[in-house]
Amino acid sequence: MKSNTFNYSLLAVGVATVMGINTAHAATASTNGVTGTAAPIDNVATASYSVGTVAQPKVTSNTVTINVKETANFSLIATNGNTIDTNANRAVTLGGKNTFVHSLSNTGNVTDTYTVTAKAVNDTTLNTVASPNYLFKADSDTISFVIKRTSDGTALTLAEGQALGLTVVAGNIASGDTIKLAPGLTAELTYQASLPSANQIGGNTGVGILTASSAFIGVGTVLTNENQSIVKLPVFSIVKRVTKTLNLSDLTDEATYTITVKNNKDSAYAADATNIKIIDSLPAGLKLVAGSIVTTVDNSGLLVSSGTKGTIGNAAITSSKGTSSAIDSFEIGNVNLPVGAVVTVTFRVLQDADETLVLPTINHARVEAPVGNVTIIDSTDNTDPNENTATYYPANDDIENTNGTTPTGTGGDSTQPLSTVKRAIAISSPTTREIAPASGTASQVTHTAIITNTGRDAEGTAANPLNFTILDDSANANVRPVVGPVNITYTPAGSTNSITRSVSPTTTDGNTYTLNNTTLPAGGIPNGGTFTISYNVSSGNVTNPTDVTKVAAVGSTETTIVTLTPTGTGAPAVTTINDTTNVKGLTLLKQAAVQVDCSGTIPPYQGELKADGSATILTTSAKPGDCIYYKITANNTFTSISGTSLAGVTLSDLTNQWKSRSTYQSGTATGGTGDGSVTIANSGNASTEAVTTNLGTLANGATGSMTFFIKVNP
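Each helix and strand in the protein was counted, giving two helices and 51 strands. Considering the protein as a whole, with its 714 residues, one finds that 43% of them fall into the buried category. Long-range pairs, those at least 24 residues apart, make up 72% of the contacts in the protein with a sequence separation of at least 6. Surface accessibility of the protein: about 33200 Å² in total, with carbon and sulfur atoms responsible for 51%.

Okay, structure coming up:
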């Protein structure tokens, strides 16, 4: 704010009554006296006496002549009702006026008549303000007066004045009129000067003078008091801040605003503010948390001369606006803020689900302060059509910024955008895979999980890191995820090309992985982007299993749990998918049917597979001379999910299981569906001789069989 310094003397200036010399640059002035010759006083004494009874002639003394000198002396002092000069740097507010009080005293010994004027003069030889913004004289050119005794300040009654030769003792005179004073009397002179209504801003200065001249002394000696005024206004600095990022994905999340209003004491034209209002009107999409408004006043910065403290009057008044019935504006009234005092208002906000929140969201606050005959409206919004501080503040004293930086100028205002986050990310698309009882390395299966960023903010960044875990549910000890790096395939922010990156677990042999600005390129996963996690599952404990206890059972299953845990501000909820790994392979079913006496109809084969893929144990009866028919069926349980074929499938039935009690019926062995040729070994030892068929390759879901029969020996 612009500073104006008055180089003003408060000392009385004695002015020699040399004709033609005026006093200036002071609000107090006096004469030292002028002497004139009046008619002399002649005094002759007489005496009468008698001698005896005879009267004697009257005796006359010598004449004593006294030459009388009349002294005219007067002073003009700016008192404003006090004995000190208070007419310098007088505060005036918009639409207001100053009252200037002077004492014109007859300090001589003759009754004198004085001419009194109130002038608007812009003359640097007469005033101490080099460039006042305006000049003033008495309103309506009228000066009021009251005649008092100089000794005790009591006002004369009309009778007392008439006894001294005065016709009036109080009233009004026009500027340029005269006042008659007897010795020892003082005329208290008062006039008002209104602030011009046009083009007045804080710090503007005005100058006017009051003069008095003596009729007794004559032309040439004029006492001058300079009266000064300065336009005083409260200068508000409004700073609005918001703490905590508002999570737009959570309607219960809150953000806290703080409004700090300071009546800045650093301004050269600062003035106390009374009965002001602090108003906040939330933008659409936000609503006030009921009961969250808290107000405090800090008086520690008050000027020493301030006799009042900052106060908050009535409680917050809430109201509604916009399309929702929610509370989204408030007004705090009757706030008194002396120079240097600070008032702070805090409140909390929520999203209003019934309104659209437009980003970026900037919430403004304003102050309305009655000052004189106007209301000054100061806002953090420099586009506010109601703000009028540009009319009343110097140009650089009310600069607003909306980026949250420290305001500049004594009346600078500042606010900041509401920081918001809207994150929405989830893992989806669980997969089902089929694995052999022993996968080794070559036959491991790969599961994938798709993670989609449906939120507004990028994921997998320093601010929004993501964690995911791949956990075996341990139901099937011989099927488990492969520990180690996994692949992430995604499209980085700002790119159209997908890339695949290997991400290692956060700990050795661990199952937790982190996606952030270290494991992913800068920018992370953009809004609308997806990325795919690919990891392997193995089965069996050896590459070429020879021990059936080390492999997974055909028909068994295993679940792998993939959990996505977003972290950072506004992190969405944890989401989980379950990937399924089914153990598939070859199942073998041996069935039998007994033909009595080897003649007649062959009954149905007995024996079947259980639900878990294993076969039932078949027990039946036959007698010598009966024929036993056998059917061996191989089934590839892999499905079209994997499309896995089984290669080199050979069925075999050792003859030593039945040869000692029965006889193979030559030529009865068949390949059933013709998937292979059936032979019986006629040589070799009993432990290796078998009925066999080579089925070759079985496609997924395909079966092959071999049948033959034997006759029970007598």
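Counting across every chain of the model gives one disulfide. Linked covalently through their sulfurs, Cys598 and Cys627 form a disulfide whose S-S length is 1.7 Å. Because the sign of the S-S torsion sets the handedness, a value of about 105° for the bond joining Cys598 and Cys627 places this disulfide among the right-handed ones. With Cys598 in the loop between β45 (586-595) and β46 (627-636) and Cys627 in strand β46, this residue pair connects regions lying 29 residues apart in the sequence.

Glancing now at the confidence of the model for the protein. The predicted model of the protein averages 84 in pLDDT, with 88% of residues at 70 or higher. Segment residues 1-28 is flagged for pLDDT under 50; beyond a separation of four residues in sequence, or across chains, it makes 89 contacts in the model.

Moving on: the pattern of salt bridges. Under the criterion given, the structure shown has 15 salt bridges. One salt bridge connects Glu188 with Lys148, and the closest N-O pair in it is separated by 3.1 Å. Here Glu188, found in strand β17 (residues 185-194), pairs with Lys148, found in strand β14 (residues 142-149); they are 40 residues apart in sequence, far enough to count as distant. The class for Glu188 is partly exposed, based on a relative accessible area of 23%. Between Lys277 and Glu331 there is a salt bridge, and its shortest N-O distance comes to 4.0 Å. With Lys277 in strand β23 (residues 273-281) and Glu331 in strand β27 (residues 327-337), this residue pair connects regions lying 54 residues apart in the sequence. Taken together, the shared-partner salt bridges in this structure form one network comprising Asp597, Lys623 and Asp626.

The next thing to look at is the environment of Asn541. Positionally, Asn541 belongs in the loop between β42 (530-539) and β43 (557-566). The contact partners of Asn541, leaving out residues within four places of it in the chain, are Asn478, Arg480 and Lys550.

Our next topic: the side chain of Glu368. For Glu368, the position within the fold is in strand β29 (residues 365-371). Relative accessible area serves as the criterion here: at 18%, Glu368 is assigned to the buried category. Of the polar contacts made by the side chain of Glu368, one reaches the side chain of Arg366; its length is 3.1 Å. For Glu368, the contacting residues outside a window of four places in its chain are Ile276, Lys277, Ile279, Thr375, Ile376 and Ile377.

For the rest of this paragraph, the subject is the pairing of β43. The pairing of strand β37 (residues 466-472) with β43 spans seven bridges and is classified as antiparallel. When the bridges of β43 are listed, Asn467 appears paired with Thr565. Summarising the sheet, β43 and strand β44 (residues 575-583) pair through eight bridges and their orientation is antiparallel. Bridging from a neighbouring strand, Glu558 pairs with Thr581 of β44.

Two aromatic rings, taken as a pair, are described by how far apart their centres are and by the angle between their planes. Applying the stated criterion across every chain, the model contains 13 aromatic pairs. When the centroid spacing of 6.2 Å and the interplanar angle of 55° are considered together, the rings of Tyr664 and Phe708 count as tilted. A residue pair is termed long-range when its members are at least 10 positions apart, and Tyr664 in strand β48 (residues 662-664) and Phe708 in strand β51 (residues 703-712) qualify at 44 residues. As far as the burial class goes, Tyr664 and Phe708 line up, both buried. These aromatic residues form a ring-pair network of at least three members: Phe100, Tyr134, Phe136 and Tyr191. A cation sits over an aromatic face here: Lys590 above Tyr630, 4.6 Å from the ring centre.

Now for the nonpolar core. Core analysis: the biggest nonpolar cluster contains 73 residues, and Leu104 and Leu189 have the highest contact counts within it. A per-element tally of this core places β17 first, with five residues. The residues contacting Leu189, other than those within four sequence positions of it, are Leu76, Phe100, Val101, His102, Leu104, Val116, Ile143, Ser144, Phe145, Ile179 and Leu210.

What follows deals with the sheet that holds β37. The sheet built from five strands is open, its strands ordered β35-β44-β43-β37-β41 with mixed pairing. One side of each edge strand has no neighbouring strand; the edge strands of this open sheet are β35 (432-435) and β41 (512-515). Each strand of the sheet is rotated relative to its neighbour by a mean of 20°, with strand direction disregarded.

Applying the stated criterion across every chain, the model contains one cavity of 30 Å³ or more. Looking at the largest cavity, its volume works out to about 40 Å³. Along the walls of the largest cavity sit Val92, Asn98, Phe100, Tyr134, Phe136, Ala193, Ser194, Leu195 and Ser229, which together make up its complete lining. Mapped onto the lining of the largest cavity, the elements with two or more residues apiece are β11 (97-106) and β17. Partitioned by chemical class, the residues of the lining of the largest cavity number six nonpolar, three polar and no charged.

All right, on to the sheet that holds strand β26 (residues 317-320) then. Spatially, the five strands line up as an open sheet ordered β26-β27-β23-β29-β30, and their pairing is antiparallel. One side of each edge strand has no neighbouring strand; the edge strands of this open sheet are β26 and β30 (374-379). Taken pair by pair, the neighbouring strands of this sheet meet at an average axis angle of 20°, ignoring direction. Two elements, β29 and β30, share six bridges in a ladder whose sense is antiparallel. In the sheet register, Val367 faces β30, and the bridge partner there is Asp378.

Further remarks concern unusual backbone geometry. Of the consecutive residues Leu359 and Pro360, the connecting peptide bond is found in the cis state with omega at -5°. Topologically, Pro360 is positioned in the loop between β28 (342-351) and β29. Residue Asn275 is not a glycine yet carries a positive backbone phi of 55°. In this fold, Asn275 is placed in strand β23. In this structure, Asn334 takes a positive phi of about 60° despite not being glycine. Tracing the sequence through the fold places Asn334 in strand β27.

For the rest of this paragraph, the subject is a nonpolar patch on the surface. Taken together, Ile41, Val64 and Ile66 make up a surface patch of nonpolar side chains, about 250 Å² in accessible area. Classification of Val64 by relative accessible area gives partly exposed; the value is 40%.

This next bit is on the pairing of strand β36 (residues 445-453). Of the two faces of β36, only the one carrying Val445, His447, Ala449, Ile451 and Asn453 is buried; Thr446, Thr448, Ile450 and Thr452 on the other face are not. Here four bridges tie strand β34 (residues 425-428) to β36, and the two strands are oriented antiparallel to one another. Its bridge partner lying in β36, Ser428 is registered against Ile450. Relative to β42, β36 runs antiparallel, the two being bridged by eight bridges. The residue bridging Ala449 from the neighbouring strand is Ile533, located in β42.

The rules we used
- Residues numbered from 1 in each chain as written.
- Predicted model: local features only at pLDDT ≥ 70, side-chain atom pairs only at ≥ 80, totals over all residues.
- Heavy atoms only, no water.
- Helix = DSSP H or I, 4+ residues; strand = E, 2+ residues; numbered from the N terminus.
- Buried < 20%, exposed > 50% of the residue type's maximum accessible area, 1.4 Å probe, protein only.
- Contact = heavy atoms within 4.5 Å.
- Areas by Shrake-Rupley, 256 points an atom, 1.4 Å probe, with all protein chains shown as cover.
- Disulfide = S-S within 2.5 Å.
- pLDDT = per-residue confidence, 0-100.
- Salt bridge = Lys/Arg side-chain N within 4 Å of Asp/Glu carboxyl O.
- Polar contact = N/O pair within 3.5 Å; in protein donor to acceptor, adjacent residues only side chain to side chain.
- Pairing = 2+ DSSP bridges.
- Phe/Tyr/Trp six-rings, centres within 6.5 Å; stacked < 30°, edge-to-face > 60°.
- Lys NZ or Arg CZ within 6 Å of the ring centre and 35° of its normal.
- Core = buried A, V, L, I, M, F, W, Y, C linked by side-chain atoms within 4.5 Å.
- Axes fitted to C-alpha atoms, helices over the stretch in contact; angles between N-to-C directions.
- 1 Å grid on protein atoms, 1.4 Å probe; cavity = no way out; pocket = protein on both sides within 12 Å on 5 of 7 lines; lining within 4 Å.
- Points joined across faces, edges and corners; volume = space filled by probe spheres on them.
- Nonpolar A, V, L, I, M, F, W, Y, C, P; charged D, E, K, R; others polar.
- Patch = residues over 30% accessible without salt bridge, like charges linked within 9 Å, V, L, I, M, F, W, Y side chains within 5 Å.

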